[in-house]
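Coordinates in review
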Amino acid sequence: MAATGRSRRPRRDRVRLPAMPAGCSNRPMRSRLAALLLLTVPAALHAQDAGSPAAYLAQFDRDGDGRVSEAEYVEHMSRGFGQLDANGDGVLERDELPGGRGRPVTLPDYQANLRHQFRKLDRDRDGFLNLRELMQPPQG
Ligand SMILES: [Ca+2]
Ligand SMILES: [Ca+2]
């Protein structure tokens, strides 16, 4: 192992968010992932609606410890799934997806993606999202 300051992360572990929702659809996997991300990304956007970042965090923070655990994150973000799942069958069909495109997404798929996103947001890897981590764009 090279003892340079920063180690290389395996590329395959990184999921890049499209800056624009449209655009990247060169592969089916891609567009599906893009659809998943579209469902889960707008955290920071919602926060502006919620009034303050702290109020936004409080929506996640069930146990009131001022930080968001993975379980809290997945639970809260999964509500969006329930809202989108108009017929309540646990699958987001194409017509239930934002933009009306992409492949069907099951709740386990969706939650796996949320966990993945949580790990990316948890910059200091303490297993919780603080306010700053929660509010950052889900990249890097
Ligand atoms: Ca908490
Ligand atoms: Ca953290």
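Residues numbered from 1 in each chain as written. Chains lettered and ligands numbered in written order. Predicted model: local features only at pLDDT ≥ 70, side-chain atom pairs only at ≥ 80, totals over all residues.

In the nomenclature of an unreviewed UniProt entry, the chain corresponds to EF hand domain-containing protein from the organism Fulvimonas soli.

Side note on the confidence of the model for the chain
With 62% of its residues at a pLDDT of at least 70, the chain reaches an overall mean of 78. Here residues 20-27 is a poorly scored stretch, pLDDT under 50, and it has nine contacts once near neighbours within four places are set aside; other chains count. (pLDDT = per-residue confidence, 0-100. Contact = placed C-beta atoms within 7 Å.)

As for the environment of His116
Within the element layout of this structure, His116 appears in helix H5 (residues 107-121). For His116, a count of 16 C-beta atoms within 10 Å corresponds to the partly exposed category. Separated by 46 residues in sequence, His116 and Glu70 place their C-alpha atoms 9.8 Å apart. (Helix = DSSP H or I, 4+ residues; strand = E, 2+ residues; numbered from the N terminus. Buried ≥ 20, exposed ≤ 12 C-beta atoms within 10 Å, placed from the backbone.)

Observations regarding the packing of helix H4 (residues 70-84) against H5
At a closest axis distance of 9 Å, the pairing of H4 and H5 adopts a crossing angle of 135 degrees. By the angle between their axes, H4 is oblique relative to H5. Crossing handedness for the pair H4 and H5: right-handed. Between H4 and H5, the residues in contact are Glu70, Tyr73, Val74, Met77, Ser78 and Phe81 and Leu107, Tyr110, Gln111, Leu114, Arg115 and Phe118, respectively. Residue classes in the contact of H4 with H5 are distributed as eight nonpolar, two polar and two charged. (Axes fitted to C-alpha atoms, helices over the stretch in contact; angles between N-to-C directions. Parallel < 35°, antiparallel > 145°, perpendicular 65-115°, else oblique. Left-handed = near helix turned anticlockwise from the far one by under 90°. Nonpolar A, V, L, I, M, F, W, Y, C, P; charged D, E, K, R; others polar.)

So, the UniProt feature "domain: EF-hand" (unreviewed entry) in the chain
The feature "domain: EF-hand" (unreviewed entry), as annotated in UniProt, sits at residues 58-83 in this numbering. Along residues 58-83, the helical share is 65% and the strand share 8%, with 20 Å between the first and last C-alpha atoms. (UniProt positions renumbered as here; feature names shortened; annotations may be inferred.)

Re H5
Given a rise of 1.5 Å per residue, 15 residues ought to cover 21 Å, and the 21 Å separating the end C-alpha atoms of H5 matches this to within 8%. Within the span of H5, buried status applies to Tyr110, Asn113, Leu114, Gln117, Phe118 and Leu121. Projected onto a plane normal to the axis of H5, the buried residues spread over an arc of 145 degrees and lie on a single side. (Expected span 1.5 Å × (residues − 1). Arc of directions from axis to C-beta.)

Considerations on H4
Here H4 spans 21 Å end to end across 15 residues, near enough to the 21 Å set by a 1.5 Å rise per residue. Regarding H4, the residues found buried are Glu72, Tyr73, Met77 and Phe81.

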